[in-house]
Structures are given as structure tokens and as C-alpha cells.
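So you can see what is in the structure, the chains are spelled out below.
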Number of protein chains: 2
Amino acid sequence: MEPGPAAAPAPLPLRLPLRLPLRLPLPGERMGVPTPKQFCPVLERPLISYTLQALESVCWIKDIVVAVTGENMEAMKGIIQKYQHQRISLVAAGVTRHRSIFNGLKALAEDQPDSKLSKPEVVIIHDAVRPFVEEDVLLKVVTAAKEHGAAGAIRPLVSTVISPSADGCLDHSLDRARHRASEMPQAFLFDVIYEAYQQCSDYDLEFGTECLQLALKYGHVHAKLVEGSPDLWKVTYKRDLYAAESIIKERISQHICIVMDTKDENHVGHHLEEILKNELNHVKVTSGALCPAGRDLEQIILEQCYSYVCVNVMSPDFEKTRRLLNMLEESNLSILYPVVVISVYFLDYKSVPFDQKMENLMQIKEYAKEVKKINILLCGLLIYYPQEEQNLQASLRQGATIIATLIKERNSGLVGQLLVA
Amino acid sequence: MEPGPAAAPAPLPLRLPLRLPLRLPLPGERMGVPTPKQFCPVLERPLISYTLQALESVCWIKDIVVAVTGENMEAMKGIIQKYQHQRISLVAAGVTRHRSIFNGLKALAEDQPDSKLSKPEVVIIHDAVRPFVEEDVLLKVVTAAKEHGAAGAIRPLVSTVISPSADGCLDHSLDRARHRASEMPQAFLFDVIYEAYQQCSDYDLEFGTECLQLALKYGHVHAKLVEGSPDLWKVTYKRDLYAAESIIKERISQHICIVMDTKDENHVGHHLEEILKNELNHVKVTSGALCPAGRDLEQIILEQCYSYVCVNVMSPDFEKTRRLLNMLEESNLSILYPVVVISVYFLDYKSVPFDQKMENLMQIKEYAKEVKKINILLCGLLIYYPQEEQNLQASLRQGATIIATLIKERNSGLVGQLLVA
């Protein structure tokens with residue numbers, strides 16, 4: 001079956017060698033950090049795991065080949081195991097970018113008798129340090145590669161490009177409108193790029209940076225250029241790691257599930273829900289119930305909601321929260337991202353058995369310590385109740401602000417705290 | 001006086017027109033946000049204010065000229081007033097980058113009779129959206145401009161640059177090693193760049209992007225290219241705002257001052273200080289005392305320390321914290337950045353008058369609300385004391401983690417909270 005250029009996402013006979021730009025004169029030199037950039041933690045998970053996750057989520061990508069240096073091979077195997085990555089084959093990296101890609105291609109070529117992989121029609125080449133690649137652009141480059149033989153994502157230039165003279169002065173500047181930055185992913189008919197690599201010179205393998213140029217030089221293929229999104233950028237400097245972490249935090253905070261233990265729509269817990277809906281623009285707030293059988297909550301967990309607010313009406317115990325935590329633990333949801341759970345209590349601080357309630361609630365520190373081990377971040381929030389209407393509204397608004405802060409920051413340093421609104 | 005190329009930072013007869021790239025087809029289009037990027041808030045302060053602050057801190061920059069569109073003129077005046085910027089003149093922006101710069105240069109030229117500004121020998125051109133410019137690179141471009149007539153900061157290319165053909169395919173790719181990204185700042189002998197602008201064509205003014213190119217084309221000056229740091233990058237996309245915020249938060253969290261109300265070196269407060277010193281690598285931890293006369297603390301405030309830990313030994317009141325807050329308020333330190341103050345208490349929760357102590361401490365919410373108005377973020381931290389040695393060490397470590405989190409995140413959503421370690 002040969003899907004035409006306009007075909008919808010369909011299973012393509014596609015293998016993907018994922019190139020790791022592992023040859024850095026000093027590992028991670030440009031980051032100002034000692035770890036090679038693809039292994040730098042983002043929300044405590046190595047950057048490359050996010051890239052693998054993005055590629056795995058595309059069902060028509062059949063195999064993912066990663067080129068890894070010998071010294072990082074064990075670390076890479078550990079990452080694949082810990083984050084349960086699938087369809088990954090590892091090959092030895094070369095000493096340059098092009099040599100690593102060539103190794104990946106060799107592993108896919110039919111002339112490798114001991115390989116479990118088989119030769120694909122189309123191959124995608126991607127960077128380990130571009131974690132935000134989406135199915136849309138992957139499909140575009142693959143479709144264009146089928147028609148043109150090669151295709152690659154491009155972006156407008158942010159800075160003007162200039163050419164220096166030998167003495168470090170300006171020779172000429174390039175017209176920004178007539179040039180583009182070549183980004184990743186790129187896709188090729190396998191034979192086109194593999195033959196180009198087989199023919200190319202040692203100089204190309206040593207100093208080249210552009211696969212599309214090899215396809216042009218040796219395969220006479222003019223690659224189709226596809227406009228990519230800004231999120232395709234290459235994580236290069238320390239600031240890029242900061243940006244990646246903020247983008248990921250923002251994405252996993254777009255959906256908050258409120259688990260309420262009452263159906264009474266006049267209850268103050270519902271007022272809190274309303275305020276959260278109003279204050280958090282662009283955030284989807286849904287309700288899940290723990291009973292009967294918690295089926296809708298299971299659905300929300302399946303939809304990969306990473307933020308939960310468990311509202312406890314007058315019951316100063318952890319029964320509901322514990323059931324939610326059990327469901328989350330069974331789902332394995334927190335393997336990839338930290339899950340935030342905020343347990344909210346409406347409490348009259350001045351009531352006589354308050355001390356006892358507090359003692360119950362202080363147990364949250366122990367629960368939080370337990371579930372932090374499986375990447376669940378648990379906090380408590382106390383809201384004084386009943387109180388006069390105006391003060392109550394102020395408390396609920398402050399509660400919403402605290403909830404939004406805990407979900408947005410997703411910082412493990414504050415787990416087990418009982419916050420007060 | 002004419003400082004030679006190797007001269008140290010000295011008062012230069014320099015005026016700086018700061019160019020705002022205000023002509024965006026849709027304001028802030030590339031950011032995915034509605035506000036023009038230079039006015040986007042970073043830690044609640046507009047980005048351009050950080051850039052102005054960086055330039056103001058260089059004593060030999062005499063005047064700063066900012067080109068602003070009519071619709072943003074009032075907002076810009078408000079920013080200058082609120083953040084107390086000095087040496088700023090505003091001119092009307094043009095409809096393109098080059099027209100805005102030309103307007104800035106005209107304001108500095110002697111032939112403008114109604115201007116308070118006078119013609120400088122050297123002029124720097126900079127972007128409003130590059131807030132991390134440092135004196136070092138400014139001095140380098142100015143020194144080189146004096147020798148060569150023009151100079152600009154450059155960076156290695158992150159992506160390969162390609163040239164597309166008319167049908168959207170690859171025409172050729174450029175050798176990455178032989179090209180550079182042209183960044184800012186740039187510096188010029190005033191006459192060189194002003195004459196270039198006077199001579200240049202409408203096409204240049206409309207479609208040009210590179211001032212160094214104008215100096216070459218009309219002034220026959222081959223600009224000296226100066227290697228800049230990665231931090232010179234242009235805040236262009238939403239992710240760049242995230243990165244800028246993280247960089248700023250990191251920078252202002254590098255110095256923590258611990259204010260202790262005891263000189264007893266065996267006291268548990270000093271153990272906390274030791275743990276903070278050990279756990280926060282690269283962070284400078286200094287001690288300040290409130291008495292006598294708090295002179296060393298005044299010095300620390302003058303050195304722009306933005307993070308304070310006020311350790312209260314067995315006294316569950318806000319007396320010391322209030323004195324610190326008063327000193328901070330008088331210093332105006334929090335005009336530019338949010339100042340974090342964490343008030344630490346060592347308390348026996350089980351002692352009889354505990355309820356009363358807590359009632360005292362709950363007042364922190366009211367204090368926090370007050371000082372938040374002047375950009376001071378106040379939180380409390382309770383550490384159970386006395387307790388068994390091993391547990392105490394665990395509590396102190398957790399306390400240090402909470403302190404580090406509050407300082408690093410600097411989020412106003414949690415002010416007034418009493419956290420428990």
C-alpha cells in the first residue's frame with residue numbers, strides 16, 4: 001500500500017533512526033552544565049525520554065533507532081527501562097553527527113544480517129534534543145519525502161546571518177527574507193539517503209552538518225522544505241532547558257480534575273470549583289467521582305490528567321484521598337510526569353475537637369513522603385468554614401490561587417504541607 | 001580624552017539610542033501572546049525595564065534613547081516612572097526597524113535644535129528584547145567601533161542556514177562554520193551610521209534588517225565582529241519569556257542572607273544555616289544582624305541581596321521580622337525584583353501555650369498581605385523543637401528544602417503561609 005501525499009495518518013512502513021548529536025568536544029559544553037544535553041533532567045526525567053515519548057506516540061513509526069556513545073550506553077538502557085520506552089534499538093554513535101546517522105541507517109539496511117530491523121521505504125532523522133516534535137510535522141515531512149525523495153522542517157531566521165572575513169570583520173550580510181533555518185525532523189526515501197551516505201566523502205562525514213545537502217549533492221534530490229512550528233527548536237543552552245521545563249509544566253497543567261465527595265450543588269466545595277473555572281483561563285476543569293466504582297475518574301486518568309483536587313466535606317481524614325492515590329498508583333500515570341494531588345478540607349479551626357482533626361491531618365506529611373517515591377506530589381489545603389460570606393469568598397479565591405500555584409510550579413519541595421486559605 | 005582600544009571602563013562621551021523593534025505585523029505575533037514582546041511581564045515587570053536597567057548600570061552610557069510607537073508611549077512613560085529609570089529620552093518609532101533607529105539617531109544629531117541631547121562620538125544600538133546585555137560586551141563593541149568605525153556582537157549558528165528555491169525546495173545550504181548570527185549590541189562612530197542612514201534608500205529603510213550592512217554599503221566600513229555570550233539572545237517566542245524568567249529568578253537567588261537573633265553558635269538556628277550552606281551549592285549565604293544598628297544588614301541590602309531568612313529563637317512574634325521588613329521597605333530594594341523573606345520559628349507544638357503562639361503566628365497572613373503590596377513575599381516556617389537528634393536533622397534538612405523552594409520559585413501565590421518542617 002502506498003498512501004498518496006494527502007493521505008491521513010496511516011500505518012506507514014517506516015523506521016526511524018533517531019540521531020543523537022553526541023559528539024560534543026566537551027559534553028554539554030554549550031549548556032554550561034557537565035551532563036550531555038540530551039541526558040539533562042527536565043522535571044527529573046532526561047530530556048531524551050521526552051523526545052522518545054513524542055515519537056512513540058505516533059503509531060505509524062515502526063522502529064526508533066538511537067545512536068549512543070559507549071560511555072552513555074548503560075545510562076540509555078536504564079532510561080528505556082525506567083520510562084518503559086518501546087520500539088527502540090540502540091546503535092553505536094560515531095565521532096561526528098553524520099557518522100552517527102550513517103550507523104543508524106546501516107542498522108536499518110537489509111545488508112545487515114544480524115539485525116532484527118528491516119529496510120524501510122521512508123526514514124525520519126530527528127534530534128534527541130527536540131522533544132516537542134508533533135505528529136503533524138512528522139506526517140508532512142514523510143509525505144513530502146515520498147513525493148520529492150527528501151524533506152525537512154524549516155523556520156524563519158531570528159537573527160540576520162553574516163559572513164565574516166578572515167580578519168574577523170564583516171564581509172557581507174545575507175538577506176534574511178531569502179534564507180531559512182534548517183531544523184528537524186527531516187525525512188528521506190531510505191535508498192536516497194543511504195546511498196548518499198555510502199557515496200559521501202570523509203570530509204562530508206567529518207565536517208558536514210546538513211543531511212538535505214547530502215541528498216542534493218549525491219542523490220540530486222532537491223528536498224521539499226516544510227514550515228515547522230517554533231516548538232521544534234533545538235535545546236542547546238541552559239536557558240533552553242528552562243524553557244523546555246516551563247513548556248512541559250504548562251502543558252501538563254492544562255487539565256485539572258476536581259474530585260468531590262458530595263453531590264450537593266450548593267455546597268461550598270462547588271463554589272471553589274466555580275472560582276477555579278473562572279480564574280484559570282484555558283484550563284479544563286472536570287469533575288470526577290470516586291463512587292460508584294469511580295469509572296469516570298478512571299477515564300480522566302486514562303486521558304492523562306496530571307492534576308487532582310480532592311475536596312473533602314467536613315471529614316478530616318484521608319479516606320477519599322487515599323482511594324484516589326491508589327487509583328493513580330495503579331494507573332502508572334506518574335511514570336512520565338509528576339502528578340499533583342491537593343487534598344482540600346473545610347474546617348472550623350475554633351470548634352472543640354479541632355486539635356484532634358489537626359492531628360489527623362498532620363499525617364499528610366507521612367502520606368506525602370510515601371507517594372513522592374512514585375512521583376505523586378501531595379499537599380493539603382485548609383479553608384476555614386463556616387465563615388461570613390465576604391470572608392469566605394476571599395478564602396475561596398485565595399484557595400484557588402494556592403491550588404493554581406501548586407499545580408503550575410509542581411515542585412517537590414513543598415509536598416506534605418498543609419496550606420491555609 | 002580618547003581612551004584607546006584597551007582602555008578600562010571609563011566615562012565615554014556616549015549616547016545610546018535603544019531601538020524597540022515595534023513594527024510587528026501583529027503585535028507579539030511570534031510570542032503567541034497579545035502584548036508586544038518588549039512589554040510582556042517577567043516576574044510582573046515588563047521585559048524592556050530589565051533591558052533599561054542593564055544599560056543604566058553602565059556608568060559611561062550617557063543617554064538612552066528609546067523609540068516607541070504612539071500607542072505605547074503612555075505605557076512606556078509609566079514604566080520609566082514606576083521603575084525609576086534614568087537618562088531615558090523617548091522618540092517616536094518609525095514603521096520599520098531601520099526607520100525607528102533613524103529617528104533615534106536624528107534625536108542625537110546636533111541639527112535638532114529643540115533636543116536636550118547632543119551628538120555623541122560613539123552610539124550603541126541595542127534591542128529592547130535582549131535584557132541580559134552586560135558591560136563587558138558593550139565595552140568591547142564600543143572600543144572596536146572607535147577603531148573600525150563599526151562593530152557588532154555575533155554568535156555561532158545553532159541551525160544550518162539554507163536557501164530555498166522559488167518552489168519551496170532546497171536550493172543550497174550554507175557552510176555553518178563560515179557564517180555567524182548577527183546579534184546585538186552594535187556600536188558605531190556616530191557620523192558613520194548617521195550618514196549611512198541619511199544616504200540609504202527607501203528600500204533599505206523598508207526591508208533592511210542589518211545596521212552593519214548599512215555602514216558597509218554607505219560608509220565602506222567593515223564592522224569588527226565581536227563574539228558575544230549566549231545570554232545576548234533575542235526574546236522572540238513565548239518559550240524565551242519562560243527562559244528569561246528562569247534566568248532572572250536564578251540570578252536573584254544566588255545570595256541568601258540569614259538574620260539570626262542569637263549569637264549562641266551552638267544554637268539550632270546555626271545548624272539550619274550550616275545545612276543551607278551545604279545544600280545550596282553556588283549560593284552565597286551570609287549572616288546579618290539586626291543589632292546594633294543593623295549596619296552589616298544595611299550593607300547586604302545595598303549589595304542587592306533579594307532573599308532573607310529571619311531566624312527567631314523561641315520568640316513566637318514578628319518583632320525581628322517587622323524590623324527587617326521596615327529596613328527593606330526603606331531601601332526600595334523591591335522596586336525592581338520581588339524580595340523573599342522567610343520567618344523561621346523553632347516551636348514545641350505540644351507545649352501548653354502553643355495555641356496562643358499559633359494565634360500570634362497566624363497574623364503572618366495579614367503582614368504578608370501588607371508587604372506584598374510593595375513586592376515583598378513573606379512566608380513563615382515552623383520547625384518542631386526540641387526533638388530527638390536524628391529527627392531534628394531531618395526537620396532541618398526539610399526546612400532547608402522548603403526555604404530553597406520558596407526562594408527559587410519566588411511565587412506570590414504562597415505568601416502568608418506557615419510551612420512546617
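Residues numbered from 1 in each chain as written. Chains lettered and ligands numbered in written order. Predicted model: local features only at pLDDT ≥ 70, side-chain atom pairs only at ≥ 80, totals over all residues. Heavy atoms only, no water.

Per an unreviewed UniProt entry, chain A goes by D-ribitol-5-phosphate cytidylyltransferase and derives from Canis lupus dingo. Listed in UniProt under the heading Pathway (unreviewed entry), the comment for chain A reads: "Protein modification; protein glycosylation." According to the UniProt record, the Subcellular location (unreviewed entry) comment for chain A is "Cytoplasm, Cytosol". (UniProt positions renumbered as here; feature names shortened; annotations may be inferred.)

Asks: Would you take a moment to explain the packing of aromatic side chains for this structure?
Replies: Describing an aromatic ring pair means giving the distance of the ring centres and the angle of the ring planes. Per the counting criterion, the structure on display carries 20 aromatic pairs over all chains. Pairing Y306 of chain A with Y337 of chain A gives two aromatic rings, centres 4.9 Å apart and planes at 70 degrees, and the pair type is edge-to-face. Residue Y306 of chain A is found in the loop between α10 (295-302) and β14 (307-312), and its partner Y337 of chain A is found in the loop between α11 (319-331) and β15 (339-347); the two are separated by 31 residues along the sequence. A relative accessible area of 6% places Y306 of chain A in the buried class. Residues F318 of chain B and Y367 of chain B carry aromatic rings whose centres are separated by 5.0 Å and whose planes lie at 55 degrees to one another, so their mutual orientation is tilted. Placement of the pair is F318 of chain B in the loop between β14 (307-312) and α11 (319-331) and Y367 of chain B in helix α13 (residues 364-372), with a sequence separation of 49 residues. Judged by relative accessible area, which is 4%, F318 of chain B ranks as buried. Feature note: the residues F102, F190, Y194 and Y197 of chain A constitute an aromatic cluster, connected by ring pairs. (Phe/Tyr/Trp six-rings, centres within 6.5 Å; stacked < 30°, edge-to-face > 60°. Helix = DSSP H or I, 4+ residues; strand = E, 2+ residues; numbered from the N terminus. Buried < 20%, exposed > 50% of the residue type's maximum accessible area, 1.4 Å probe, protein only.)

Asks: Where do I start with the nonpolar core in this structure?
Replies: For soluble globular proteins, the rule of thumb is that nonpolar side chains tend to be buried together. With 187 residues, the main nonpolar core has Y308 and V344 of chain A together with Y308 and V344 of chain B as its most contacted residues. Look past the residues within four positions of V344 of chain B in its chain and what remains in contact with it is L272, V309, C310, V311, N312, L381, I383 and I403 of chain B. (Core = buried A, V, L, I, M, F, W, Y, C linked by side-chain atoms within 4.5 Å. Contact = heavy atoms within 4.5 Å.)

Asks: Looking at this structure, I do not really get the pattern of salt bridges. What am I missing?
Replies: Side chains carrying opposite charge are able to pair once their charged atoms draw close together. Residue and element names in this part refer to chain A. Across all of its chains, the model carries 30 salt bridges over all chains by this definition. For K277, the salt bridge goes to E273, with nearest N and O atoms at 3.6 Å. In this pair, K277 and E273 are both assigned in helix α9 (residues 268-279), four residues apart and thus about one turn of the helix distant. Here the salt bridges do not stand alone but share partners, grouping R99, D202 and E206 into one network. (Salt bridge = Lys/Arg side-chain N within 4 Å of Asp/Glu carboxyl O.)

Asks: Is there a simple way to think about the sheet that holds β14 of chain A in this case?
Replies: Hydrogen bonding along the main chain pairs the strands of a sheet, whether they run parallel or antiparallel. All names here are of chain A. Spatially, β13-β12-β14-β15-β16-β17 is the arrangement adopted by the six strands of the open sheet, whose pairing is parallel. Edge positions in the open sheet fall to β13 (284-288) and β17 (418-420), since each of these has one partner strand only. Direction aside, the axes of adjacent strands within the sheet are offset by 25 degrees on average. Strand direction decides the pairing type here: strand β16 (residues 376-384) and β17, joined by three bridges, are parallel. The partner of G380 across the bridge, within β17, is L418. (Pairing = 2+ DSSP bridges. Axes fitted to C-alpha atoms, helices over the stretch in contact; angles between N-to-C directions.)

Asks: Quick question: what am I supposed to make of the interface of chain B and chain A here?
Replies: How big an interface is tends to be expressed through the accessible area that disappears when the partners come together. Facing 67 residues of chain B, the contacting portion of chain A comprises 68 residues. Here chain B packs against chain A, burying approximately 5,800 Å² in sum over the two surfaces, 54% of which is carbon and sulfur. If you sort the residues of chain B by the area they bury against chain A, I162, L170 and R239 of chain B come out on top, with a joint share of 12%. Inspection of the chain B/chain A interface yields two salt bridges. Among the salt bridges present, the one from E250 of chain A reaches K238 of chain B, with a minimum N-O distance of 3.2 Å. (Buried area = accessible area lost by both parts, 1.4 Å probe.)

Asks: Honestly, the relation of the copies chain B and chain A in this entry has me stumped. Any pointers?
Replies: Superposition of the two copies of the chain requires a rotation about an axis together with a shift along that axis. Each copy superposes on the other: chain B lies on chain A with an RMSD of 0.0 Å after a rotation of 180 degrees and an axial shift of 0.0 Å. In symmetry terms, the pair is related by a two-fold rotation axis. Across chain B, the smallest distance between a C-alpha and the rotation axis is recorded for A243 of chain B, namely 2.3 Å. Looking at the interface residues of chain B, 100% of them are also at the interface in chain A, so both copies use one shared face. (Least-squares fit on C-alpha atoms with pLDDT ≥ 70 in both.)

Asks: When you look at the sheet that holds strand β15 (residues 339-347) of chain B in this model, what are you seeing that I'm missing?
Replies: All names here are of chain B. Spatially, six strands are ordered β13-β12-β14-β15-β16-β17 in an open sheet, and the strand pairing comes out parallel. Every other strand in the sheet has two partners, leaving β13 (284-288) and β17 (418-420) as the edge strands with one partner each. With strand direction ignored, the average angle separating the axes of adjacent strands in the sheet is 25 degrees. As judged from the five bridges shared by strand β12 (residues 255-260) and β13, these two strands associate in the parallel manner. Looking at the pairing, H255 lines up with K284 of β13.

Asks: Would you mind showing me how to read the packing of helix α9 (residues 268-279) of chain B against helix α14 (residues 389-409) of chain B here?
Replies: Packed helices, taken two at a time, are described by the angle between their axes plus the distance between the axes. Residues and elements named next belong to chain B. For the pair α9 and α14, interaxial distance at closest approach is 9 Å and the crossing angle is 55 degrees. Comparing the axis directions of α9 and α14 gives the class oblique. By crossing handedness, the relation of α9 to α14 is classed as right-handed. Residues V268, H271, L272, I275, L276 and E279 of α9 lie in contact with α14, whose contacting residues are L392, Q393, L396, R397, A400, T401 and I403. Grouping the amino acids of the contact of α9 with α14 by side-chain chemistry returns eight nonpolar, three polar and two charged. (Parallel < 35°, antiparallel > 145°, perpendicular 65-115°, else oblique. Left-handed = near helix turned anticlockwise from the far one by under 90°. Nonpolar A, V, L, I, M, F, W, Y, C, P; charged D, E, K, R; others polar.)

Asks: Looking at this structure, I do not really get the environment of C211 of chain B. What am I missing?
Replies: Residue and element names in this part refer to chain B. Tracing the backbone shows C211 in helix α7 (residues 211-219). C211 sits twelve residues away from A223 along the chain, and the two C-alpha atoms are 9.9 Å apart. Apart from residues lying up to four places away in sequence, C211 is in contact with R97, H98, I101, I125, Q186, F188, I193 and Y197.

Asks: Could you clarify how one ought to interpret helix α8 (residues 238-252) of chain B in this entry?
Replies: In an α-helix, one full turn covers 3.6 residues, which means residues spaced three or four apart are oriented alike. Look at α8 of chain B: 22 Å from first C-alpha to last across 15 residues, which is about the 21 Å you get at 1.5 Å a residue. α8 of chain B sits mainly inside the fold: eleven of its 15 residues count as buried. Residues R239, D240, L241, Y242, A243, A244, S246, I247, I248, K249 and I252 of chain B constitute the buried set of α8 of chain B. Residues of α8 of chain B that are buried sit in contact with α8 (238-252) and α14 (389-409) of chain A together with β2 (41-42), α1 (47-56), β14 and α14 of chain B. (Expected span 1.5 Å × (residues − 1).)

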